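Spelled out, the chains give:
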Amino acid sequence: MKAILFDMDGVLIDSEMFYMKGTFDWISKKGFNGKLEDTYRLIGTNMEGTYNLLFEMLNGKYSISEIDAENKKYFSENPIDYKSILKPFVKEILKFLKEHKIKTAVCSSSPKKTIEKALKSCEILEYFDFIVSSDEVKKSKPNPDVYLKACEVLKVSSEDAFVIEDSSMGIEAGKNANIKVIALKDHYFGQDQSKADFIFEDLGEVLEFLKKFFKKVINSL
C-alpha cells in the first residue's frame, strides 16, 4: 500500500445532496417537470457531462452556455459551506496516511478550482501530494484517466494503490485503472457499487481496514 486515491464529492465532503437539491431548484424554475431523484444521474459526471445531461433534461430549451451561466449564477448566490460538510474521520485517515508516508491524491470530476477551494476551506489541502480534475485529462470517469494520471505522478503502480469512491462511475474508473476500489456505502442515490472490492459504511471503517492492512504488510516483511 503506497498510495490512496480519493474521490472528493461524497467521499471527503458530503456535497452531493446539496448540489442535487440546488440544481433541482434552478432547473425547476426553468421548466423542468421531473423529480429531485432525476438529478441523481448527474452524480459522478464532470461539468461537461453535467451540462449535457441538463440540456437533455431541459428539452434543449437552453444552450450549454446558458445552462453554464445559470448554474454558476445559482451556486454563486447560494454558496456551499465546505467546512460544515466535511465527512467524519477525514482528518483522522489523512493523518494516519501522512504518518506512515503513504502518498495521497484527490481525483475528482469537479473543476480544479472547486477542488482546491473545498480542500482549503476544510483545512486538509496540505495532506495531499497531488490533485487532478477530470477536466485535466482526455477522458473523465468512468474512464480511468484521472487515476492513471495520479499513479503516474505519484510514481506508484496500480497494484500498490487503493481508490476510495462512492459513485458507480467512480468505482468503474478505479476498476478500469486496475486499482483496488473501496466504496463508501450509498444510502440515498441508488449508485451501483457492486464492482467495488470492498464496501464500508464510512471512513472510520476504512481507517480501521487500512490500519489492519498496513500492519499485515509490515509483519510480512
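It should be noted that the structure appears before, not after, this text.
Since we're looking at a predicted model, the values are computed, not measured.

The rules behind each value
- Residues numbered from 1 in each chain as written.
- Predicted model: local features only at pLDDT ≥ 70, side-chain atom pairs only at ≥ 80, totals over all residues.
- Heavy atoms only, no water.
- Buried < 20%, exposed > 50% of the residue type's maximum accessible area, 1.4 Å probe, protein only.
- Helix = DSSP H or I, 4+ residues; strand = E, 2+ residues; numbered from the N terminus.
- Pairing = 2+ DSSP bridges.
- Right-handed = clockwise from strand over helix to strand, strands pointing away.
- Phe/Tyr/Trp six-rings, centres within 6.5 Å; stacked < 30°, edge-to-face > 60°.
- Lys NZ or Arg CZ within 6 Å of the ring centre and 35° of its normal.
- Contact = heavy atoms within 4.5 Å.
- Polar contact = N/O pair within 3.5 Å; in protein donor to acceptor, adjacent residues only side chain to side chain.
- Axes fitted to C-alpha atoms, helices over the stretch in contact; angles between N-to-C directions.
- 1 Å grid on protein atoms, 1.4 Å probe; cavity = no way out; pocket = protein on both sides within 12 Å on 5 of 7 lines; lining within 4 Å.
- Points joined across faces, edges and corners; volume = space filled by probe spheres on them.
- Nonpolar A, V, L, I, M, F, W, Y, C, P; charged D, E, K, R; others polar.
- Parallel < 35°, antiparallel > 145°, perpendicular 65-115°, else oblique.

(A) Inspection of the pairing of strand β2 (residues 103-108) at higher detail. β2 sits mainly inside the fold: five of its six residues count as buried. As defined by bridge partners, strand β1 (residues 3-6) adjoins β2 across four bridges and the pair is classed as parallel. Within β2, the position partnered with I4 by the bridge is T104. Judged from the four bridges that link them, β2 and strand β3 (residues 130-133) form a sheet pairing that is parallel. In the strand pairing of β3, A105 is matched with F130. Traced from β2 through helix α5 (residues 112-121) to β3, the parallel crossover comes out right-handed.

(B) Seen up close, the packing of aromatic side chains. Enumeration over the complete set of coordinates arrives at 16 aromatic pairs. On the basis of an interplanar angle of 50° and a centroid distance of 6.0 Å, the ring pair of F18 and F75 is categorised as tilted. Of this pair, F18 sits in helix α1 (residues 16-29) while F75 sits in helix α3 (residues 64-77), placing them 57 residues apart in sequence. Pairing Y188 with F189 gives two aromatic rings, centres 6.1 Å apart and planes at 65°, and the pair type is edge-to-face. Aromatic ring contacts, followed pair by pair, group F162, F198, F200, F209 and F213 into a single cluster. Over the aromatic face of F162 sits the side chain of K180, whose NZ or CZ is 5.1 Å from the ring centroid.

(C) Molecular detail of the environment of S121. Relative to the helices and strands, S121 is located in helix α5. The exposure class of S121 is partly exposed, given its relative accessible area of 29%. Residues in contact with S121, not counting those within four places in the same chain, are Y82 and K83. At 2.8 Å, the side chain of S121 forms a polar contact with the backbone oxygen of K117.

(D) Spotlight on the sheet that holds β1. Reading across from one edge, β3-β2-β1-β4-β5-β6 is the order of the six strands in this open sheet, with parallel pairing throughout. Looking at which strands have only one partner, the edges of the open sheet turn out to be β3 and β6 (198-200). Each neighbouring strand pair of the sheet contributes to a mean axis angle of 20°, computed without reference to strand direction.

(E) Examining the layout of surface pockets more closely. Size it by volume and the largest pocket reaches roughly 860 Å³. Lining the largest pocket are 34 residues; nearest its centre among them are Y19, M47, S110, P111 and T114. Among the secondary structure elements, those contributing two or more residues to the lining of the largest pocket are α1, α2 (47-57), α3 and α5. Considering every element that reaches the lining of the largest pocket, the biggest residue donor is α1, with five residues. Split by residue class, the lining of the largest pocket holds 13 nonpolar, 12 polar and nine charged. Space inside the second largest pocket adds up to approximately 270 Å³. In terms of lining residues, the second largest pocket is bounded by 16 residues, among which G10, D14, K87, K185 and Y188 are the most central. Tallied by class, residues from the lining of the second largest pocket come to six nonpolar, two polar and eight charged.

(F) Highlighting the pairing of strand β4 (residues 161-165). Extensive coverage of β4 is indicated by the burial of five of its five residues. Neither face of β4 is left uncovered, since the one carrying A161, V163 and E165 and the one carrying F162 and I164 both have all their residues buried. In this sheet, β4 lies alongside β1 in parallel orientation, the contact comprising four bridges. Following the sheet pairing, I4 is matched in β4 by F162. Where the polypeptide runs from β4 across helix α7 (residues 168-176) and back to strand β5 (residues 180-184), its parallel neighbour, the crossover connection is right-handed.

(G) Spotlight on the packing of α2 against α3. Between α2 and α3, whose axes approach to 10 Å, the crossing angle comes to 110°. In terms of their interaxial angle, α2 and α3 are classed as roughly perpendicular. For the pair α2 and α3, the contacting residues are M47, Y51, N52, L54 and F55 in the first and I64, I67, D68, N71 and K72 in the second. Its residues assigned to classes, the contact of α2 with α3 comprises six nonpolar, two polar and two charged.

Shape descriptors only; they carry no functional weight alone.
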